[in-house]
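Observations on the three-dimensional arrangement
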Amino acid sequence: MKRTLLLLLTAAALAGCKSLPDKPAQQTMYDFGPAPAVAASNAPALPPLLLPDVQVGTALESTELHYRLAYEDANQLRPYAYARWSSPPGELVRQRLRDVLGRGRAVLDTSATGSLTRRRGATPPVLRLELEEFSHVFTSPAQSSGVLRVRATLLESTAGGARLVAQRSFESRHPAASADAAGGVRALA
């Protein structure tokens, strides 16, 4: 009797363990990967450029990886449940742009402005960026692209203040190899 009761309790305990939920899925952290290697150039260095932080809207201040189901509702921005950027998108874009522009010129932070002004009497031009779109966009359940849209403004410092040199908007769409967060990341990078 005791043995039967013990067997029944053991079986009930094991059955109860099977009904427990699975452990939660682990977050996956993404970035753009290492900057592409470029051969050294003998071209003369371009003048320095000041690159402040990239301006972003509220939705892009977090590390959430976003997607849109354009075939259902293109106005709805959704976060992937288990995928995150290692830094907010504005920081990732600034870091990659700094790597690319830095191949041919000095790219400076806004903290360097004071020391440059004292040494040469003028500050370098300022490139301001506004990140307007940075998401994985699905045009159908099987077809998607990484979409990046940014407005770039080049300003020159003058005695009377900043002077607009140029302003232009850029959009890049790159097809995603897969219809998941990893495919969206590769397309956006």
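Residues numbered from 1 in each chain as written. Predicted model: local features only at pLDDT ≥ 70, side-chain atom pairs only at ≥ 80, totals over all residues. Heavy atoms only, no water.

Some remarks on the overall build of the chain
Put simply, the rule reads: Secondary structure elements are defined from DSSP: runs of H or I of at least 4 residues count as helices, runs of E of at least 2 residues count as strands, and each element is numbered from the N terminus. Only protein chains enter the accessibility calculation, which uses a 1.4 Å probe. A residue is then buried if its area is under 20% of the maximum for its type, exposed if over 50%, and partly exposed in between. Accessible surface is estimated by sampling points in the Shrake-Rupley manner with a 1.4 Å probe; for residues, cover comes only from the protein chains shown.
A count of helical and extended segments in the chain gives five helices and nine strands. Secondary structure elements in the chain, listed N-terminal to C-terminal, are α-β-β-β-β-α-β-α-β-α-β-β-β-α. When each of the 189 residues of the chain is scored for burial, the buried share is 30%. Per element, the accessible surface of the chain, about 12,400 Å² overall, is 55% carbon and sulfur.

Describing helix α5 (residues 181-188)
Residues that lie three or four places apart on an α-helix share one face, since the helix turns once every 3.6 residues. To keep it simple, the criterion reads: Any two residues whose heavy atoms approach within 4.5 Å at even a single point are treated as in contact.
Counted residue by residue, α5 has seven buried out of eight residues, so it is predominantly covered. Three or more residues of α5 are buried, namely A181, A182, G183, G184, V185, A187 and L188. Looking at the buried residues of α5, the elements they touch are β1 (28-30), β4 (64-69), β5 (78-85), β7 (126-140), β8 (143-158) and β9 (161-175).

Regarding the environment of L46
If you trace the backbone, L46 turns up in strand β2 (residues 46-50). For L46, a relative accessible area of 47% translates into the label partly exposed. In this view, L46 contacts G104 and R105; residues no more than four positions away in its chain are not counted.

Brief notes about helix α3 (residues 89-101)
The line we're drawing: Expected helix span is given by 1.5 Å per residue-to-residue step, counting one fewer step than there are residues.
The first and last C-alpha atoms of α3 sit 18 Å apart over 13 residues, in line with the 18 Å expected at 1.5 Å per residue. Structurally, α3 contributes buried residues whose contacts are with β3 (55-56), β5, β6 (105-108), β7 and β8.

Examining the pairing of β4
The cut-off we apply is this: Paired strands, as defined in this entry, are two strands with at least two bridges between them according to DSSP.
The buried fraction of β4 amounts to five of the six residues, a majority that puts the element mostly inside the structure. Bridge count for β4 against β5 is three bridges, and the pairing is antiparallel. Residue pairing for β5: E64 is matched across the bridge by R84. Where β4 lies against β7, three bridges are found, and the strand directions are parallel. Residue pairing across strands places R68 opposite V137, the latter belonging to β7.

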